[in-house]
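# Descriptive structure summary
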Amino acid sequence: MNADHWLADTRTSYDTVAISYADQLRESLATAPYLRAALALFADLVRGAGGGPVADVGCGPGHVTEHLHGLGVDAFGIDLSPGMIDVARRAHPHLRFEVGTMTDLDLADTSVAGLLAFWSLIHVPDDAVPTVFAHFRRALRPGGPLMLGFHVGSGSRLKTQGYGGHPMNVYVHRRQPDKVAAWLRAAGFRVEAQMLVDPDESVPGAVLFARRQS
């Protein structure tokens, strides 16, 4: 799949659904105790590594960035969709949000103390994931924690409608944690923990914690 095509389709799709997506996700963490616990652990790991700026890559409307801020983390958001960034800036004017892509991450080397990709890898095709993880490692300080959340499963499906019934044109990729962990190790990360969320649901979630090796 041509990188320009899937990036453009993802950007356009999320520009289209930005307001509806934000309305549906605004309170999602309130009913997700295990994800809140994982984010709290991530915040502790950032502080334990010395603290500093944390990038929420694929931040969407900024609700997770805001949650990290509430945990005392110096978080800022990056998203491919200008529409999502507009929503995030309006909803959280005290935080910093920027348009950007994880496949060409515009962060200086070793500039962030932690990095979060919270269900934002799900539209990145397999052949682009190593590039993404190389950027994550480059941007993180040595020893900096990384937290990933993603759909568990195998294969991909084309999503043509979502979030208020608006049209979309994005592939959703489901992956096994061991596969993602192997990619992380190949990119220079040490995988420290993984958690399976809602294992009895049709599409479980996984959370992986890793750390950049020096």
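Our subject is the structure that appears above.
Residues numbered from 1 in each chain as written. Predicted model: local features only at pLDDT ≥ 70, side-chain atom pairs only at ≥ 80, totals over all residues. Heavy atoms only, no water.

With that out of the way, let us pick up the packing of helix H2 (residues 33-48) against helix H3 (residues 63-70). The relative placement of two packed helices comes down to the angle between their axes together with the axis-to-axis distance. The geometry of H2 relative to H3 is characterised by a closest axis approach of 10 Å and an angle of 55 degrees between their N-to-C directions. By the angle between their axes, H2 is oblique relative to H3. The two elements H2 and H3 cross, and the hand of that crossing is right-handed. Across the interface between the two elements, Arg36, Leu39 and Phe42 from H2 touch Val64, His67 and Leu68 from H3. (Axes fitted to C-alpha atoms, helices over the stretch in contact; angles between N-to-C directions. Helix = DSSP H or I, 4+ residues; strand = E, 2+ residues; numbered from the N terminus. Parallel < 35°, antiparallel > 145°, perpendicular 65-115°, else oblique. Left-handed = near helix turned anticlockwise from the far one by under 90°. Contact = heavy atoms within 4.5 Å.)

A few words now on the environment of Tyr171. Counting through the fold element by element, Tyr171 comes out in strand E7 (residues 166-173). Residues Tyr171 and His123, spaced 48 residues apart in sequence, show a C-alpha to C-alpha distance of 5.7 Å.

Its identity is not glycine, yet Thr110 carries a phi of approximately 50 degrees, on the positive side. Structurally, Thr110 is set in the loop between strand E3 (97-99) and strand E4 (114-118). Backbone geometry at Trp119 places phi at a positive 60 degrees, although glycine is not the residue there. Inspection of the secondary structure puts Trp119 in the loop between E4 and helix H5 (129-139).

The next thing to look at is the sheet that holds E3. Within the open sheet, the 7 strands sit side by side as E3-E2-E1-E4-E5-E9-E8. Their pairing is mixed. Strand pairing shows two members of the sheet lacking a second neighbour, E3 and strand E8 (189-197), which therefore form its edges. Averaged over all adjacent pairs, the angle separating strand axes in this sheet is 20 degrees, with direction ignored. Pairing geometry for strand E1 (residues 53-57) and E4, over 3 bridges, is parallel. The residue bridging Asp56 from the neighbouring strand is Leu116, located in E4. Sitting on the sheet, H3 is in contact with E1, strand E2 (74-79), E3 and E4, with an inclination near 170 degrees to E2. Running over the sheet, helix H4 (residues 82-91) touches E2 and E3 and is turned about 170 degrees from E3. (Pairing = 2+ DSSP bridges.)

A complete count under the given rule lists 3 aromatic pairs for this structure. When the centroid spacing of 5.8 Å and the interplanar angle of 85 degrees are considered together, the rings of Tyr14 and Tyr21 count as edge-to-face. Its relative accessible area of 12% is what places Tyr14 among the buried residues. Relative to Phe136, the ring of Phe133 has its centre 6.0 Å away and its plane inclined at 35 degrees; by these criteria the two rings are tilted. With a gap of 3 residues between them, Phe133 and Phe136 both fall in helix H5, about one helical turn apart. For the pair Phe133 and Phe136, one class covers both residues: buried. The ring centre of Phe76 lies 4.1 Å from the NZ or CZ of Arg96, which sits over that ring. (Phe/Tyr/Trp six-rings, centres within 6.5 Å; stacked < 30°, edge-to-face > 60°. Buried < 20%, exposed > 50% of the residue type's maximum accessible area, 1.4 Å probe, protein only. Lys NZ or Arg CZ within 6 Å of the ring centre and 35° of its normal.)

A few words on the pattern of salt bridges. Pairs can form between side chains of opposite charge once their charged atoms are near each other. A complete count under the given rule lists 8 salt bridges for this structure. For Asp23, the salt bridge identified is with Arg26, shortest N-O distance 3.1 Å. Using a relative accessible area of 47% as the deciding quantity, one classes Asp23 as partly exposed. Where Asp126 meets Arg175, a salt bridge forms, and the shortest distance between an N and an O atom there is 2.9 Å. (Salt bridge = Lys/Arg side-chain N within 4 Å of Asp/Glu carboxyl O.)

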